[in-house]
Amino acid sequence: MTDFSHLIREANLIDGQWVAADDGGTIDVTNPADGTVIARVPNSGATETQRAINSAHTAFPEYAAMPLSERVALMRRLHDAILDNHEAMAAMLTAEQGKPLSEARGEVASSAAYVLWFAEEARRTNGAIIPAPIPGRKLLTTRHPVGVVAAITPWNFPSSMLGRKLGPALAAGCTTIVKPASATPLSGLVWGHLAEQCGFPRGTVNVLTGSARLIGGEITSNPKVAKITFTGSTAIGKQLLAEAASTVKRMSMELGGNAPFIVFDDADLEKAVAGAIIAKFRNAGQTCICTNRLYVQSGIYDRFASAFSKAVSDLKVAPGNEEGAEQGPLIDAAALEKISDFVADAKAKGGEVITGGAPHSRGGLFYQPTVIADATADMRFSTEEIFGPIAPLYRFDTEDEAINAANDTDYGLAAYAYTRDIGRVFRLQDRLEYGLIGINEVLIVSPEIPFGGLKESGLGKEGSWQGIDDYLDTKFMCIGGI
């Protein structure tokens, strides 16, 4: 695997300086495939966060006033720097997160693509001239960066989530504080390193690691932070929303999911199976848009279950840097325990494990890719996000039954369906209560699309022409006496 040691940063980036935690405390960064410690990063808290916020606040006026052409040039340099370090960043991501190297390469490429997209969108943050209802007046709007942005990112996609957050923030003219997940901090700290190399002004990008509670508490309470963008669990998202209410911050939330995958009798069976494999087992099932519930119509259920379970049993489970690896380890012991509990609950309630269903023979944090037939609504994974390699199969008879079951959740992030009925496609578009819908496709995310959920899956959109909106304030001006 490509050496990535030159990219490792074991310090916070605050106000252009690489510094330790005030008390010298550190957090071990471990490889989930073998448990080895690959780095130690600062265990920071509120005081370090306050300095990072002050740094970003001080840097904001100058960066916001930077000529647009210069800001775009910085963004393009950052895009190029990510691609120049593509292999090393992917190897580092695999080492600290566990996903197969092929998936890590795709994530790093996606990170660069978001930066480039928002570099281009920076040129299109247009205002408007509004027709005046009264003669002698001109009405107009202009758009301005909101200020200091705090980005809190998850461990499952530690690089691409920063592309979605730092990309629009920096493009809009905002300055930033980044708090990466403690399990995967290296893929966050490297963004600070690259931004520094590319010439972003001091204080524009601050990255610090440590206590989620202490860092998050300072971010939500500090009035100098104008906006928080968070990707993570719905429970933590609700907590952040409540904490930030006292300072009325702008919030973007990409939260949990409970994605249905509906296979109708008229589906292309081979394509549906292939799509289900990707949608369920990418990153060992540890994705927010990952399939959680597979609903299969009665006429195709048995054939789908047989073909799908065979394909699942053929998946290669191995460390992410091993040739041909298709599923890596889970992130930690708590994740492994949660998956084991889900399987035990399903079996106790009549579910049939038709492949997998136990820790993998490799030991450690590896778990067998699992398919459970005869799943029912009273099983825990019907309402809780699985975030692991379990695929429950539910049988249904009618379209209405499938749609009602798919919508029977507090979440509304992603949904997938396989059908060749064009009328049904549009009925699904109208009736599925999800922000992202894939029909006969599962790899549906790119910088061009508005990524975001409905219901308790979040607030706001990331990517697309909408992705920069939450980083901009609109000012209206009325000019009279003309």
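Conventions used here
- Residues numbered from 1 in each chain as written.
- Predicted model: local features only at pLDDT ≥ 70, side-chain atom pairs only at ≥ 80, totals over all residues.
- Heavy atoms only, no water.
- Salt bridge = Lys/Arg side-chain N within 4 Å of Asp/Glu carboxyl O.
- Helix = DSSP H or I, 4+ residues; strand = E, 2+ residues; numbered from the N terminus.
- Buried < 20%, exposed > 50% of the residue type's maximum accessible area, 1.4 Å probe, protein only.
- Axes fitted to C-alpha atoms, helices over the stretch in contact; angles between N-to-C directions.
- Parallel < 35°, antiparallel > 145°, perpendicular 65-115°, else oblique.
- Contact = heavy atoms within 4.5 Å.
- Nonpolar A, V, L, I, M, F, W, Y, C, P; charged D, E, K, R; others polar.
- Pairing = 2+ DSSP bridges.
- Expected span 1.5 Å × (residues − 1).
- Left-handed = near helix turned anticlockwise from the far one by under 90°.
- Right-handed = clockwise from strand over helix to strand, strands pointing away.
- Phe/Tyr/Trp six-rings, centres within 6.5 Å; stacked < 30°, edge-to-face > 60°.
- Core = buried A, V, L, I, M, F, W, Y, C linked by side-chain atoms within 4.5 Å.
- 1 Å grid on protein atoms, 1.4 Å probe; cavity = no way out; pocket = protein on both sides within 12 Å on 5 of 7 lines; lining within 4 Å.
- Points joined across faces, edges and corners; volume = space filled by probe spheres on them.

A. Looking closely at the pattern of salt bridges. Counted under the stated rule, the structure contains 22 salt bridges. The residue Glu-462 makes a salt bridge to Lys-165 at a minimum N-O spacing of 2.7 Å. In this pair, Glu-462 sits in the loop between β21 (458-459) and β22 (472-479) while Lys-165 sits in helix α5 (residues 160-172), placing the two residues 297 residues apart along the sequence. Assigned by exposure class, Glu-462 and Lys-165 land together as buried. For Asp-345, the salt bridge is made with Lys-349, and the minimal N-O distance between the two is 2.8 Å.

B. Quick peek at the packing of helix α3 (residues 86-97) against helix α6 (residues 186-198). In contact at an axis separation of 9 Å, α3 and α6 are set at 150 degrees when each is read in the N-to-C sense. Here α3 lies roughly antiparallel to α6, going by the angle between them. Across from Met-89, Met-92, Leu-93 and Glu-96 in α3, the residues of α6 making contact are Leu-186, Ser-187, Val-190, Trp-191 and Leu-194. Of the residues contributing to the contact of α3 with α6, the split by class is seven nonpolar, one polar and one charged.

C. Region of the structure containing unusual backbone geometry. One non-glycine residue with positive phi stands out, namely Asp-15, at about 55 degrees. Checked against the element boundaries, Asp-15 lands in the loop between β1 (12-14) and β2 (17-19). Since its relative accessible area comes to 28%, Asp-15 is described here as partly exposed. You will see that Asn-440, though not glycine, has its phi angle at about 60 degrees, which is positive. Relative to the helices and strands, Asn-440 resides in the loop between β19 (436-439) and β20 (454-455).

D. Molecular detail of the sheet that holds β22. Taking strand neighbours across the sheet as the criterion, the three strands line up as β5-β6-β22 in an open arrangement whose pairing is antiparallel. Of all strands in the sheet, those bounded by a partner on one side alone are β5 (128-130) and β22. Here the strands of the sheet are splayed against their neighbours by 25 degrees on average, with no regard to which way each runs.

E. The arrangement of the sheet that holds strand β14 (residues 352-355) in detail. Read from one edge of the open sheet, seven strands run β14-β15-β16-β13-β12-β18-β19, paired in mixed fashion. Every other strand in the sheet has two partners, leaving β14 and β19 as the edge strands with one partner each. Taking each pair of neighbouring strands and ignoring which way they run, the sheet shows an average axis angle of 25 degrees. In this structure, strand β18 (residues 414-418) lies alongside β19, joined through four bridges in parallel fashion.

F. Summary view of α5. An ideal rise of 1.5 Å per residue puts 18 Å on 13 residues; α5 measures up with 18 Å between its terminal C-alpha atoms. α5 sits mainly inside the fold: 13 of its 13 residues count as buried. With its phi angle positive at about 105 degrees, Gly-173 sits one or two positions after the end of α5.

G. The arrangement of the packing of helix α7 (residues 212-221) against helix α8 (residues 234-244) in detail. Between α7 and α8, the shortest axis-to-axis distance is 8 Å and the interhelical angle comes to 40 degrees. Classed by the angle they form, the pair α7 and α8 counts as oblique. Crossing of α7 over α8 shows right-handed handedness. Here α7 contributes Gly-216, Gly-217 and Thr-220 to the contact with α8, which in turn contributes Leu-240, Glu-243 and Ala-244.

H. Region of the structure containing α7. Turning to α7, its buried residues number three or more, namely Ile-215, Gly-216, Glu-218, Ile-219 and Thr-220. At its buried positions, α7 is contacted by α1 (46-64), β7 (148-152), β8 (175-179), β10 (225-231) and α8.

I. View of the pairing of β8. The element β8 is largely enclosed, with a buried count of five among its five residues. Burial of the side chains of β8 extends over both faces: Thr-175, Ile-177 and Lys-179 are buried on one face and Thr-176 and Val-178 on the other. As judged from the five bridges shared by β7 and β8, these two strands associate in the parallel manner. Looking across to β8, one finds that Ile-152 is bridged to Lys-179. In terms of strand pairing, β8 meets strand β9 (residues 205-207) through three bridges, oriented parallel. Residue pairing across strands places Ile-177 opposite Asn-206, the latter belonging to β9. After leaving β8, the chain enters α6 and then returns to the sheet as β9, a path that is right-handed.

J. View of the packing of aromatic side chains. According to the stated counting rule, one finds nine aromatic pairs in the structure shown. Seen from their ring centres, Phe-261 and Tyr-418 are 5.3 Å apart, and the 25 degrees between their planes marks the pair as stacked. Taken together, the residues Phe-261 in strand β12 (residues 259-263) and Tyr-418 in strand β18 connect sequence positions 157 residues apart. With a relative accessible area of 5%, Tyr-418 lands in the buried category. Pairwise contacts between aromatic rings join Phe-261, Tyr-416 and Tyr-418 into one cluster.

K. Seen up close, the nonpolar core. If you look at the biggest cluster of nonpolar residues, it comprises 56 residues, and the most contacted ones within it are Met-75, Leu-78, Ile-82, Met-89, Trp-191 and Phe-200. It is helix α4 (residues 101-121) that provides the largest number of residues to this core, a total of nine residues. When neighbours within four sequence positions are excluded, Trp-191 is seen to be in contact with Leu-78, Ile-82, Met-89, Ser-111, Val-115, Ser-159, Leu-162, Gly-163 and Leu-166. Within the second largest apolar cluster, 33 residues are counted, among which are Leu-294, Val-312, Val-442 and Phe-451.

L. Highlighting the side chain of Thr-141. Within the secondary structure, Thr-141 sits in strand β6 (residues 138-145). Leaving out residues up to four positions away in the same chain, Thr-141 has contacts with Gly-127, Ala-128, Ile-130, Thr-474, Lys-475 and Phe-476.

M. Looking closely at the layout of surface pockets. Computed from the structure, the largest pocket encloses a volume of approximately 950 Å³. Contributing to the lining of the largest pocket are 42 residues, with Trp-155, Phe-230, Gly-232, Ser-233 and Ile-236 lying nearest its centre. Residue assignment for the lining of the largest pocket shows that the elements contributing at least two residues are α7, β10, α8 and α11 (333-348). Among the elements that make up the lining of the largest pocket, the one with the highest residue count is α8 (six residues). Split into classes, the residues belonging to the lining of the largest pocket amount to 23 nonpolar, 12 polar and seven charged. The space that makes up the second largest pocket amounts to roughly 430 Å³. Lining the second largest pocket are 22 residues, and of these Glu-107, Ser-110, Phe-157, Arg-282 and Val-445 sit closest to its centre. Broken down by secondary-structure element, the contributors of at least two residues to the lining of the second largest pocket are α4 and α5. Per element, the largest residue contribution to the lining of the second largest pocket is six residues, and it comes from α4. Of the residues belonging to the lining of the second largest pocket, the class tally is 11 nonpolar, six polar and five charged.

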